[in-house]
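Below, each chain spelled out in residue letters.
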Amino acid sequence: FTRDAFRMSGLSSDRLAMGVIVEAESILKNNEEILSVARYGILRMKERTGSVEGVSQWMKEFSEYISDNDADKHNGVYGYVSENIIENPEFMPRPESDPDQWEWYKVALLAGGAFAYTDVYEKDGRAVITISTAIDEEGDVLAIDVDVSALQAVMSDKFSDENGILSLFD
């Protein structure tokens, strides 16, 4: 390599890395927006009905709408509302004894209404991160899982050269 070729190689790598960052952040921001809409919807539903069954039905319809109308694959919104876990895909509320055992719940409460991210972990045989947010001061929290494979696909699309090494740090 000449010095100019080496410099151009570095600039090209920087552009590729920036492209990966922008696309990965887009996936994460899209999921944050979904949680924002869900948080607003659940607050309104709680004001109107106060019923965990009503919230559960709203979450089911909302998740179906997101899945049908968004190009990205979504795993659905779930959460802890009115001392009940509401999970995807059943959306049947059921009481839980200790929500403090869930990392996504704990980090959301610590974030004080901001979006919180878990570390990568395995769920149902796949690597995921969970984005969560507190709904209100009553301990209600919403969450959505992001498959790590979606983030890996962004990198694979940008870096197809098998001779390179790619590292991603948070």
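To be clear, the structure that these remarks concern was listed above.
Residues numbered from 1 in each chain as written. Predicted model: local features only at pLDDT ≥ 70, side-chain atom pairs only at ≥ 80, totals over all residues. Heavy atoms only, no water.

J.: Describe helix α3 (residues 103–111), and please don't skip the residues or the numbers.
T.: Looking only at α3, the buried set comprises W104, Y105, V107 and A108. One or two steps after α3, the chain reaches G112, where phi turns positive at roughly 60°. (Buried < 20%, exposed > 50% of the residue type's maximum accessible area, 1.4 Å probe, protein only. Helix = DSSP H or I, 4+ residues; strand = E, 2+ residues; numbered from the N terminus.)

J.: Break down the environment of G50 for me, with residues and values.
T.: Structurally, G50 can be placed in the loop between α1 (3–48) and α2 (52–69). G50 gets classed as exposed once you look at its relative accessible area, which sits at 55%. Placed 32 residues apart in sequence, G50 and S82 show a C-alpha to C-alpha distance of 8.8 Å.

J.: Run through the packing of aromatic side chains, naming residues and quoting values.
T.: Per the stated rule, a full pass over the model turns up seven aromatic pairs. Measuring from centroid to centroid gives 5.3 Å for Y80 and Y105, while their planes differ by 80°, and the two rings are edge-to-face. Remark: Y105 occurs in helix α3 and Y80 occurs in strand β1 (residues 77–81); sequence separation between them is 25 residues. Like Y80, the residue Y105 is buried in the burial classification. Taken together, the ring pairs connect Y78, Y80, W102, W104 and Y105 into an aromatic cluster. (Phe/Tyr/Trp six-rings, centres within 6.5 Å; stacked < 30°, edge-to-face > 60°.)

J.: So what's going on with the pairing of strand β7 (residues 141–147)? Residues and values would help.
T.: Of all seven residues that make up β7, seven are buried, and the element is covered over most of its length. In this sheet, β7 lies alongside β1 in antiparallel orientation, the contact comprising four bridges. The partner of Y78 across the bridge, within β7, is A143. As paired strands, strand β6 (residues 126–134) and β7 are joined by seven bridges and run antiparallel to one another. For V128, the partnering residue across the bridge sits in β7 and is D147. (Pairing = 2+ DSSP bridges.)

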